[in-house]
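What follows is the residue order along each chain.
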Number of protein chains: 2
Amino acid sequence: MTSKTVGFVGLGIMGEPMANNLLDAGFPVVGHNRSPEAVDRLVENGGERAETPAEAAERADVVVTCLPDSEVVEEVVLGEDGVAEGLSAGDAFVDTSTIKPTVAERLADELGEMGVSVLDAPISGGEEGAIDGSLSIMVGGEDEDLAAQRDVLEAMGETVTHCGGHGAGQVTKACNQIVVSTTLQAISEALVFAQQADADLEAVVEAISGGAAGCWALDNRAPSMIRGDFEPGFFASYQYKDLRIATDAGQAYGAPMPVTGVTHEMYKSMVESGLGDDDNSGVIQIIERLADTEARIDE
Amino acid sequence: MTSKTVGFVGLGIMGEPMANNLLDAGFPVVGHNRSPEAVDRLVENGGERAETPAEAAERADVVVTCLPDSEVVEEVVLGEDGVAEGLSAGDAFVDTSTIKPTVAERLADELGEMGVSVLDAPISGGEEGAIDGSLSIMVGGEDEDLAAQRDVLEAMGETVTHCGGHGAGQVTKACNQIVVSTTLQAISEALVFAQQADADLEAVVEAISGGAAGCWALDNRAPSMIRGDFEPGFFASYQYKDLRIATDAGQAYGAPMPVTGVTHEMYKSMVESGLGDDDNSGVIQIIERLADTEARIDE
C-alpha cells in the first residue's frame, strides 16, 4: 500500500515544521504558501511545490491547512484557486488553524456536501511542539474520519484527542485559551495586589504554588512576570485573537462568559497599548498601569 | 529547657486538630473555646482548660488563635476578657485565622505596643491538612519573631513560608483565594460553553489539562463538576468570605481587581441562591443558570 499524499497549505512558523514532520514520517507532501521561500525549503527537504491551494488539493489525498485566522481559512479554502476547487469526493480536509467554531462547522457542511471528510484539528504546544512533533491536537469530526487521518495527525502531534463533532476541536481550543488567559489575569491581579501591600512576591508564589491555586502559569510564568520579563512564548496579540474567538463563540452558542469577557478586555488594552508582541503573561502590565505601580523584585 | 506553653483559642474544625498536634509535639496547651465540648475533648487528650481567652493568654507564652473572621478575631483579642488582657511583654501572638490584612496590621500595632511579638499565619490545606499536620502556613511578621515560633508552626503545618511584614500572610492567603476561585470560574465558563457547543466535556478536560491551562482545579475539580457533584471540600460561603477579604484589601491597598471582582459577584450569587454549603467548584451552577443549561455527562 502506497502512502497517501498530503497537501499542505500554510508553511508558517507552525506549518513548516509540521510539514517537515510529515515528510520525515514518509508521507509525500505537496506544499503551498503565499510567500514562496518556505516552499523552496520544503522542496529542498523532499517535498513538492504547488502554485495554488487548488493545485495542492488536486495532487493530494488529504489537505492540511495551518493558517492565521478564520478569514484567511475561508479565503484559502473557498476562494478563487482555493482548496475546495481541487478536492474530490473521498478526499479529506484537516484544518489545524485556530478559527471560529462556527466557521469550522460551515466548512464541514460545505465540503461535506462534496463528499469530502472534514476534521477541525487545532493545535497547542507552540513552535517548539511543532518542531519536535509534541503538539496537542484537539479534534472535531466523525470517528471514522479521525481514524482515517490518525496517521497524519500522529506524525505532527503527540496527543490527539477526539472532542466531539465538527467544531468541537475549535471549541476545545477556545476552552484552553479561556483557562490559560484568565489564570494569567488572576495571577496578575494577585501579584500587583501583593506588591501594593508590600509582600515578598517570590515568597507569595512559593507559598501558593503547592496547593489548590497550583497551575502551569504560576510555575512557568509568575517568576518571569515578577522579573518584568515578557519575552514572547505566546504573543499577547494571538491571545487576544483567540479570546475574541472564544467570546464570539460564547455569543454564537449562548454561553455566558463574565470573567472571560473581562480578560478579553484586558488583552484588548494590551494590544491597543502596543504590547501585542509581548508574551501573554505581560497582561500584568495593564494591571500595573491601572494601579500605577510595577510588581517587580527589588533588585 | 522546658517547652513553652501554648494558649489556643478557637477549637473548631481546624483549631481542634491543630491543638492536638501541638499536644502530640510535646507542648503544654491551655485551650479555650466558646462552646465547651471541644475543650472537654482537649482536656481528655492532655490539655488544660481556660475559662476565657484572657486566662489562656495569662497561662501561656504564646497564644494561637483560629477563628472564623476579622470581627471575631478583633473581639476575642481586644474585647472584654480578651487575649490582650492576658498577654505580657515578651509573649507572642500567632493568628492562624483568615482575616483582613488591615486588621492583622492593626493587631500587630496594638499588641506590639505592649511588647508582644505578633505573627499573622493563615493556613491552607483544609480539615485533612489540619488533622495530619500538612497545612501550608503563610506568615507575616518579623524574621526573629517567626524564628522564635517556628517550632509551634511546624507542629501544625508542613510548609511555613515567610511572606513579608505584618499582614503579608493574610495578603498571601488572599492571593491564593484570588487564583483558586478565578480558575474555578474560568473552568466553569469553559465547561458550560463546551456543553452548549455540544463537545465531549471529559475529552475537553483531558485535552487541555496537560498544557498551559493545566492546574489543580482542572485535575481535581473539573471531573466532579461535570458529574454535578458539589460535595464540599471547601464551602462556597467561605470562598465568598475570603473573596470579600481580597476585594476589600484591593480597595485598602489600591490594587485593581477586574476579574477577581467579577468572580466575587459570582460567589455572592451562589451564596444568595442558597448554594453556600456546596463546594466552591459549584460556582459552575451559576453559569449554568445564566445559560439555562447544565454542563453534565450524558449518562
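(A) Molecular detail of the overall build of chain A. Along chain A, the regular secondary structure elements total 15 helices and nine strands. The globule rule puts the C-alpha radius of gyration for 299 residues at 19 Å, and the 21 Å found for chain A is close to it. Nonlocal contacts in chain A, meaning residues at least 24 apart in sequence, comprise 65% of its contacts between residues at least 6 apart. Carbon and sulfur atoms make up 44% of the accessible area of chain A, which totals about 11400 Å². In chain A, the 16 positive side-chain charges and the 54 negative ones have mean positions that sit 3 Å from each other.

(B) Summary view of the domain arrangement of chain A. Residue and element names in this part refer to chain A. When the domains of chain A are assigned, the result is domain 1 (6-166) and domain 2 (171-291). Here the C-alpha centre of domain 2 lies 30 Å away from the C-alpha centre of domain 1. Opposite the 13 residues of domain 1 that make contact, domain 2 presents ten residues. Here domain 1 packs against domain 2, burying approximately 980 Å² in sum over the two surfaces, 67% of which is carbon and sulfur. Viewed at the interface, domain 2 and domain 1 are joined by one salt bridge. The closest approach of N and O atoms between K100 and D248, which form a salt bridge, is 3.6 Å. Our enumeration of links across domain 1 and domain 2 arrives at five residue pairs in polar contact (both at pLDDT 80 or more). Considering every element that reaches the side of domain 1 that touches domain 2, the biggest residue donor is helix α6 (residues 101-113), with three residues.

(C) Quick peek at the interface of chain A and chain B. Facing the 54 residues of chain A at the interface are 54 residues of chain B. Summed over both partners, the interface of chain A with chain B comes to about 4500 Å²; 76% of that surface belongs to carbon and sulfur atoms. Across the chain A-chain B interface, the total number found is zero salt bridges. Taken together, the links from chain A to chain B amount to ten residue pairs in polar contact (both at pLDDT 80 or more). Counting residues per element, the ones that place at least two in the side of chain A that touches chain B are β8 (135-140), β9 (157-164), α9 (168-196), α10 (201-209), α13 (236-253), α14 (258-272) and α15 (284-291) of chain A. The element contributing the most residues to the side of chain A that touches chain B is α9(A), with 19 residues. Of the residues that constitute the side of chain A that touches chain B, the class distribution is 36 nonpolar, 15 polar and three charged.

(D) Spatial organisation of the side chain of S224(B). Residue and element names in this part refer to chain B. Mapped onto the fold, S224 is located in helix α12 (residues 222-227). Owing to a relative accessible area of 10%, S224 belongs among the buried residues under this scheme. Only 3.0 Å separates the side chain of S224 from the backbone oxygen of R221, close enough to count as a polar contact.

(E) Quick peek at the nonpolar core. In this structure, I187(A), F193(A), I187(B) and F193(B) are the most contacted members of the largest nonpolar core, which totals 106 residues. Leave out the neighbours within four places in its chain, and F193(B) touches V171(A), A174(A), C175(A), I178(A), A249(A), G250(A), Y253(A), A255(A) and M257(A).

(F) Region of interest: the packing of aromatic side chains. All names here are of chain B. Inspection of every chain in the model, using the stated rule, returns six aromatic pairs over all chains. A ring pair is formed by F234 and Y238, whose centres lie 6.0 Å apart and whose planes are at 70 degrees; its orientation type is edge-to-face. Under the relative-accessibility criterion, F234 is labelled partly exposed at 26%. On the accessibility criterion, Y238 (42% relative accessible area) is partly exposed. With a centroid separation of 5.2 Å and 85 degrees between ring planes, the pair formed by F235 and Y238 is classed as edge-to-face. Residue class for F235 comes out partly exposed when judged on its relative accessible area of 27%.

How each quantity is defined
- Residues numbered from 1 in each chain as written.
- Chains lettered and ligands numbered in written order.
- Predicted model: local features only at pLDDT ≥ 70, side-chain atom pairs only at ≥ 80, totals over all residues.
- Heavy atoms only, no water.
- Helix = DSSP H or I, 4+ residues; strand = E, 2+ residues; numbered from the N terminus.
- Rg over C-alpha atoms; globule rule 2.2 N^0.38 Å.
- Contact = heavy atoms within 4.5 Å.
- Areas by Shrake-Rupley, 256 points an atom, 1.4 Å probe, with all protein chains shown as cover.
- Lys, Arg positive; Asp, Glu negative; His and termini not counted.
- Charge placed at Lys NZ, Arg CZ, Asp CG, Glu CD.
- Domains from an automatic or database assignment.
- Buried area = accessible area lost by both parts, 1.4 Å probe.
- Salt bridge = Lys/Arg side-chain N within 4 Å of Asp/Glu carboxyl O.
- Polar contact = N/O pair within 3.5 Å; in protein donor to acceptor, adjacent residues only side chain to side chain.
- Nonpolar A, V, L, I, M, F, W, Y, C, P; charged D, E, K, R; others polar.
- Buried < 20%, exposed > 50% of the residue type's maximum accessible area, 1.4 Å probe, protein only.
- Core = buried A, V, L, I, M, F, W, Y, C linked by side-chain atoms within 4.5 Å.
- Phe/Tyr/Trp six-rings, centres within 6.5 Å; stacked < 30°, edge-to-face > 60°.

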